[in-house]
Amino acid sequence: MGIKINESITWVGKKDWELRHFHGVEYSTHRGSSYNSYLVRDEKVALIDTVWKPYAKEFVANLKKEIDLKQIDYIIINHGEEDHSGALPELMKEIPDTPIYCTKNGVRSLKGQYHMDWNFITVKTGDRLSLGKKELIFIEARMLHWPDSMFCYLTGDNVLFSNDAFGQHYASEFLFNDQVDQAELYQEAIKYYANILTPFSSFVEKKINEFVSLNLPVSMILTSHGVSWRNNPLQIVEQYMKWAQDYQENQITLIYDTMWNGTREMAEAIAAGIKAAKPDINVKQYNIGRSDKNDVITEVFKSKAILVGSPTINKGILSSVSAILEEIRGLEFKNKKASAFGTYGWSGESVKMITNLLKECGMEIIDDGIRSQWNPDDDFKAQCTEYGKHIANAVG
Ligand code: FEO
């Protein structure tokens, strides 16, 4: 059932407590997610976004309890991805002529996915739709995070409907930021930015500056995932500005996998060296074979430098290490240093191979890395510790 937000806006979305992966298995959702849809009532009624396809029938059934569907004058689709548009086919069976407002790319995306010639109305930045006393103003948000994405803003209530931007994959019985555990909220918000929005950081910065220049007052930011923002809603906008500017904390992250613990022992000795040289640096270690890749990506996002390790296997590296490097490459992190380490028994290609992959990831390579033939003995562990000190000094 719907949850009333104020006199004109009702949340009519779906909370997905069970969800553990999103985008196939690309994104882990330890705390579930939600697909937020909003009904805006004035003299005219607008529905903003829908929910993911598996919940389409439930969504339409619940919406009918909230309103006679024929009273919906406009449907706004801020973004065509299926988690927001997935209930459209079910809804449009009931109200087939209702106009759907979206960007030009939104029409392409919706037609491409559903192959239906619905009554599309194309909008662009600055276009307005009167609901009676209030208006919706459309603001294209290209590449936040798809080419079709847009925001809309409700005058009078001063509410920004931001779709994916400023959201989190986070199921909660509550709707707003001030009602939930702040550490959980921060963790889910930064993970969402690191894993989804990092490659689009230049667009984030530009779009936020453009929105700020419109001088529109904001009382709430209603997102399409997780909890929304009230009580200083612009705090998340300020946070996005920080995250968009090659964000880093005083952190070095070691990411490795290991066959017989030799590479792990190297990681521990290197970490001890970093700590000895610079006690204030937060040094974190992840065996990527046993860790959630999206959580590790979040740690990469926070790091000044990463050290990546693998033993040599079949003249190459462990598949878990190549997989996380491929993920890092796609996210186009900026302003980060990197180096490689690893053990080998015979041919010993892993460190060179990782170094080349780190270059392809756009990392600034600190040096040629360090490798140990067979398992490191105490002398070699001492060399690793010295190497860690060298890394700490190089990173600063
Ligand atoms: Fe939440 Fe881009 O979909």
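Quick notes on the rules
Residues numbered from 1 in each chain as written. Predicted model: local features only at pLDDT ≥ 70, side-chain atom pairs only at ≥ 80, totals over all residues. Heavy atoms only, no water. Helix = DSSP H or I, 4+ residues; strand = E, 2+ residues; numbered from the N terminus. Expected span 1.5 Å × (residues − 1). Contact = heavy atoms within 4.5 Å. Pairing = 2+ DSSP bridges. Axes fitted to C-alpha atoms, helices over the stretch in contact; angles between N-to-C directions. Domains from an automatic or database assignment. Buried area = accessible area lost by both parts, 1.4 Å probe. Salt bridge = Lys/Arg side-chain N within 4 Å of Asp/Glu carboxyl O. Left-handed = near helix turned anticlockwise from the far one by under 90°. Phe/Tyr/Trp six-rings, centres within 6.5 Å; stacked < 30°, edge-to-face > 60°. Buried < 20%, exposed > 50% of the residue type's maximum accessible area, 1.4 Å probe, protein only. Core = buried A, V, L, I, M, F, W, Y, C linked by side-chain atoms within 4.5 Å. Polar contact = N/O pair within 3.5 Å; in protein donor to acceptor, adjacent residues only side chain to side chain.

Caption draft 1: View of helix 10 (residues 319-331). Relative to the 18 Å expected for 13 residues at 1.5 Å per residue, helix 10 spans 19 Å between its end C-alpha atoms, a close match to the ideal helical length. In this structure, the buried residues of helix 10 make contact with helix 5 (182-197), strand 17 (251-256), helix 9 (293-302), strand 19 (305-309) and helix 11 (350-360). Just beyond helix 10, the residue with positive phi is Glu 332, at close to 50 degrees.

Caption draft 2: Broad picture of the sheet that holds strand 8 (residues 45-48). On the basis of which strands lie adjacent, the open sheet formed by seven strands has the order 1-2-7-8-9-10-11 and mixed pairing. Because the sheet does not close on itself, it has two edges, and the strands there are strand 1 (3-4) and strand 11 (120-122). Together, strand 2 (9-11), strand 7 (38-41) and strand 8 form the strand contacts of helix 1 (residues 56-66), whose direction differs from that of strand 7 by roughly 25 degrees.

Caption draft 3: View of the domain arrangement of the protein. Domain boundaries assigned for the protein yield domain 1 (3-244) and domain 2 (252-395). Listed by partner, the interface residues are 14 residues for domain 1 and 13 residues for domain 2. Buried area between domain 1 and domain 2, both sides added, is near 1,100 Å², and the carbon and sulfur share of it is 52%. Summed over the shared surface of domain 1 and domain 2, the number is two salt bridges.

Caption draft 4: Region of the structure containing the packing of helix 6 (residues 201-213) against helix 7 (residues 235-244). Between helix 6 and helix 7, the least distance of the axes is 9 Å, while the angle of their chain directions is 140 degrees. By crossing handedness, the relation of helix 6 to helix 7 is classed as left-handed. On helix 7, the residues that touch Ser 201, Val 204, Glu 205, Ile 208 and Asn 209 of helix 6 are Val 237, Tyr 240, Met 241, Trp 243 and Ala 244.

Caption draft 5: Structural context of the packing of aromatic side chains. In this structure the tally under the stated criterion is 17 aromatic pairs. Aromatic pair Tyr 35 and Trp 52: ring centres 6.0 Å apart, planes at 55 degrees, arrangement tilted. On the criterion of sequence distance, the pair formed by Tyr 35 in strand 6 (residues 33-35) and Trp 52 in the loop between strand 8 and helix 1 is long-range, its members being 17 residues apart. Using a relative accessible area of 0% as the deciding quantity, one classes Tyr 35 as buried. For Trp 52, a relative accessible area of 27% puts it in the partly exposed group. Considering the side-chain rings of Tyr 193 and Trp 243, the 5.6 Å spacing of their centres and the 50 degrees angle between planes classify their relative orientation as tilted. Of this pair, Tyr 193 sits in helix 5 while Trp 243 sits in helix 7, and the two are 50 residues apart along the sequence. Of the residues examined, Tyr 193 reaches a relative accessible area of 0% and is grouped as buried. Put simply, the rings of Phe 151, Phe 166, Tyr 186, Tyr 193, Tyr 240, Trp 243, Tyr 247 and Phe 301 pair up and form one aromatic cluster.

Caption draft 6: Broad picture of the nonpolar core. By size, the foremost hydrophobic cluster in this structure holds 87 residues, and its most contacted members are Leu 63, Ile 72, Phe 166 and Tyr 240. If you tally residues by element for this core, the top one is helix 5, at eight residues. Here this core gathers at least three residues from each of two domains, domain 1 (3-244) and domain 2 (252-395). Not counting residues within four places of it along the chain, the set of residues in contact with Tyr 240 comprises Ala 165, Phe 166, Gly 167, Tyr 192, Tyr 193, Leu 197, Val 204 and Ile 208. Residues Ile 5, Tyr 74, Leu 136 and Met 220 belong to the second largest nonpolar core, which totals 24 residues.

Caption draft 7: Fine view of the side chain of Thr 98. Take Thr 98: it is sitting in the loop between helix 3 (88-94) and strand 10 (100-102). The class of Thr 98 is buried, set by a relative accessible area of 9%. Within the local environment of Thr 98, its side chain forms a polar contact with the backbone oxygen of Ile 95, the two atoms lying 3.2 Å apart. What Thr 98 contacts, discounting residues up to four positions off in sequence, is Ile 72, Asp 73, Tyr 74, Ile 75, Met 92 and Asn 119.

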